[in-house]
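# Observations on the three-dimensional arrangement
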Amino acid sequence: MQTLNIGLIGTGFMGKAHAIALKATPTVFSLPAMPVCDLLAEVDDELAARKARELGFARSTGDWKTLIEDPAIDVVDICAPNFLHKEMALAAIAAGKHVYTEKPLALSAAEAREMVEAAEKVGVKTLVGFNYIRNSATQLAREIVQSGEIGELVHFRGRHNEDYMSDPEKPLDWHVQRATAGAGALGDLGSHILNMAEYLTGQRISEVFGQLQTVIPRRPVPGGSGGLGEVENDDQAQALLRFDSDLIGNIETSRVATGRKMGLAYTLTGTKGSILFDQERMSELQLYRHAGPEGRRGFSTLLIGPEHPDYAAFSPAPGHGLGYNDQKIIEIRDLVEGIVNDRPLYPDFREAWRINRMIDAIEASHSRGCWVEI
Ligand SMILES: NC(=O)c1ccc[n+]([C@@H]2O[C@H](COP(=O)([O-])OP(=O)(O)OC[C@H]3O[C@@H](n4cnc5c(N)ncnc54)[C@H](O)[C@@H]3O)[C@@H](O)[C@H]2O)c1
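Report on the accompanying structure. Since the model is a prediction, treat every value here as computed from it, not as a measurement.

### Some thoughts on the pattern of salt bridges
All told, the structure shown has 27 salt bridges when counted by the stated rule. Each of Arg134, Asp310, Arg333 and Asp334 takes part in one network of salt bridges that share partners.

### Observations regarding the side chain of asparagine 161
Structurally, asparagine 161 can be placed in strand 7 (residues 153–161). Within the local environment of asparagine 161, its side chain forms a polar contact with the side chain of glutamate 252, the two groups lying 2.8 Å apart. Polar side-chain contacts of asparagine 161 include one of 2.9 Å to the backbone nitrogen of serine 254. Filtering out sequence-adjacent residues up to four positions away, asparagine 161 remains in contact with Glu252, Thr253, Ser254, Ala257, Arg260, Met262 and Gly263.

### Here we look at the pairing of strand 4 (residues 75–78)
Along strand 4, one buried face is formed by Val75 and Asp77 and the opposite face, lined by Val76 and Ile78, is buried too. Where strand 1 (residues 3–9) and strand 4 come together, four bridges link them in parallel fashion. Bridge pairing in strand 4 links glycine 7 to valine 76. The handedness of the strand 4 to strand 5 (residues 98–101) crossover, carried by helix 4 (residues 85–94), is right-handed.

### Some thoughts on the pairing of strand 2 (residues 34–41)
Looking down a regular strand, the side chains alternate between one sheet face and the other. Burial analysis of strand 2 places six of its eight residues in the buried class, the great majority of the element. By the bridge criterion, seven bridges tie strand 1 to strand 2 in an arrangement that is parallel. Across the sheet, the residue bridging to leucine 8 is leucine 40, located in strand 2. Handedness of the crossover joining strand 1 and strand 2 through helix 1 (residues 13–28): right-handed.

### Topic: the packing of aromatic side chains
Across all of its chains, the model carries seven aromatic pairs by this definition. Note on tyrosine 288 and phenylalanine 299: the rings are 5.4 Å apart at their centroids and 45 degrees apart in plane angle, and the pair reads as tilted. Taken together, the positions of tyrosine 288 in strand 15 (residues 284–289) and phenylalanine 299 in the loop between strand 15 and strand 16 (300–303) put the pair 11 residues apart, joining distant regions of the chain. Phenylalanine 299 gets classed as partly exposed once you look at its relative accessible area, which sits at 40%. Members of the aromatic cluster, each reached through a chain of ring pairs, are Phe13, Tyr132 and Tyr324. For the cation-ring pair, arginine 333 lies above phenylalanine 29, with the distance from its terminal atom to the ring centre recorded as 4.5 Å. Lying over the aromatic face of tryptophan 353, arginine 357 brings its terminal NZ or CZ to 4.5 Å of the ring centre.

Criteria and cut-off values
Residues numbered from 1 in each chain as written. Predicted model: local features only at pLDDT ≥ 70, side-chain atom pairs only at ≥ 80, totals over all residues. Heavy atoms only, no water. Salt bridge = Lys/Arg side-chain N within 4 Å of Asp/Glu carboxyl O. Helix = DSSP H or I, 4+ residues; strand = E, 2+ residues; numbered from the N terminus. Polar contact = N/O pair within 3.5 Å; in protein donor to acceptor, adjacent residues only side chain to side chain. Contact = heavy atoms within 4.5 Å. Buried < 20%, exposed > 50% of the residue type's maximum accessible area, 1.4 Å probe, protein only. Pairing = 2+ DSSP bridges. Right-handed = clockwise from strand over helix to strand, strands pointing away. Phe/Tyr/Trp six-rings, centres within 6.5 Å; stacked < 30°, edge-to-face > 60°. Lys NZ or Arg CZ within 6 Å of the ring centre and 35° of its normal.

And the structure:
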C-alpha cells in the first residue's frame, strides 16, 4: 500500500489532536494510502524526543527546518502558533511538500495571499484545519439546506464563544499578542464561524460591519513577577454580514464568554423551516419544518446515526455520538484522499485566505465605523 510520511510540527493541544487522528484514521476509514507518523519537530531535541515517544512518531528533531528538508516527508503538518504558519508553510512549499496547517492560515490577509500564491505556483495540496465543518451533524445541516428542505435561506446567525481567557489572572500567552496571534477571539474562534457561515449557506459573504472589544486590557506577565502586560487584540467581536444574495446574518465570538466551553452554534432560518445547532451537543441537530397542523409544529431533535454523513464509519449504532477528535479523523481522511487522488481539498489555502480577508475587513470596519467589502 502507498504511504504518506507525515512530519508534525508542534505537540500542544492541536499537535496531540492531529497525532491521535493520524493513528486512528486508517482504523475508521478505508484509505487509498497509509499515513505514517514519521518525524516530529518541537522547540528542542529533548522535548521532541519525548513527544515522539508519547505520540508514536518514529523520529524527532528540535529544528523544524530539518523536518521540512527531510526527503522522506510527504506532508508537513503545522500545529505551531499562528505567527509561525507562514514561514513554515512557505519553506514546506519550497521543498515541494503538501501542507496541512492549523487555522487561522496567517496573521493577515496579505500573509495568507503570499502563501496561496506560493502553493498554487508549486502545485502542492493544502488543507487548513477548520474541523467543525466535518462534524456529521453539520454536514447534515448543509445537506438539508442544499436539498431545499427548509426553503430559501433568509438568515444566518452564528457564534463561537468560549471562556478560556475569562479569568483576569490568566497570564499573557501567544493568543493575546498581535505579533504571535494576529486578531484575538476573532482570529482564533471567529475564523471557524466565518468559515461555517459560507460552508452552510453555500453563499459568499460580501460585506461586514464589525465591532471589537478588549475586555481585560492587562494581564499578568508569565513567571509570577507580579508585573502586568498589555493584551493586544480583541477578547470579543461581533459583525453584521451581507452575503452575495439577499441573505443577511451576523456572527459573534468571544474568549471571555464565562460558562461557554465550546459555544459554536448556529441558526439557519429558511422560508419553510429552520435548523439549530450547538457544538456543546455536537451529535444533535434541531430541525423545524413549517408543515402539518399548526398545533403540531415544533423543533425535533435528530440524533446523528449511520444514515448521516461519515457516522457509519465510526459506529453502526445511532445516537452513540461523535467527539471533537473524530472531526480531525474525517479531516485526515479528506487530506489523504485529496492528495492521493489529486482532488481539490476544502478549505485549502485559497479558501482560508478568504477567512483572513473577512477578519481584516471586520477589524477595518470597527476602526472606520462603516461597512467594508471583502
Ligand atoms: N482547529 C481547532 O479546533 C484548533 C483548536 C486549537 C488551536 N488551533 C490552532 O492550532 C495552532 C496551535 O495551537 P495550540 O492550541 O495547539 O497551541 P499550543 O500552545 O498548545 O501548542 C503549540 C505547540 O507548538 C510548539 N512550537 C512553538 N514554536 C515552535 C517551533 N519553533 N518549532 C516547533 N514547535 C514549536 C510549542 O512548543 C507547542 O507544543 C494554532 O494556530 C491554533 O490557532 C486549532
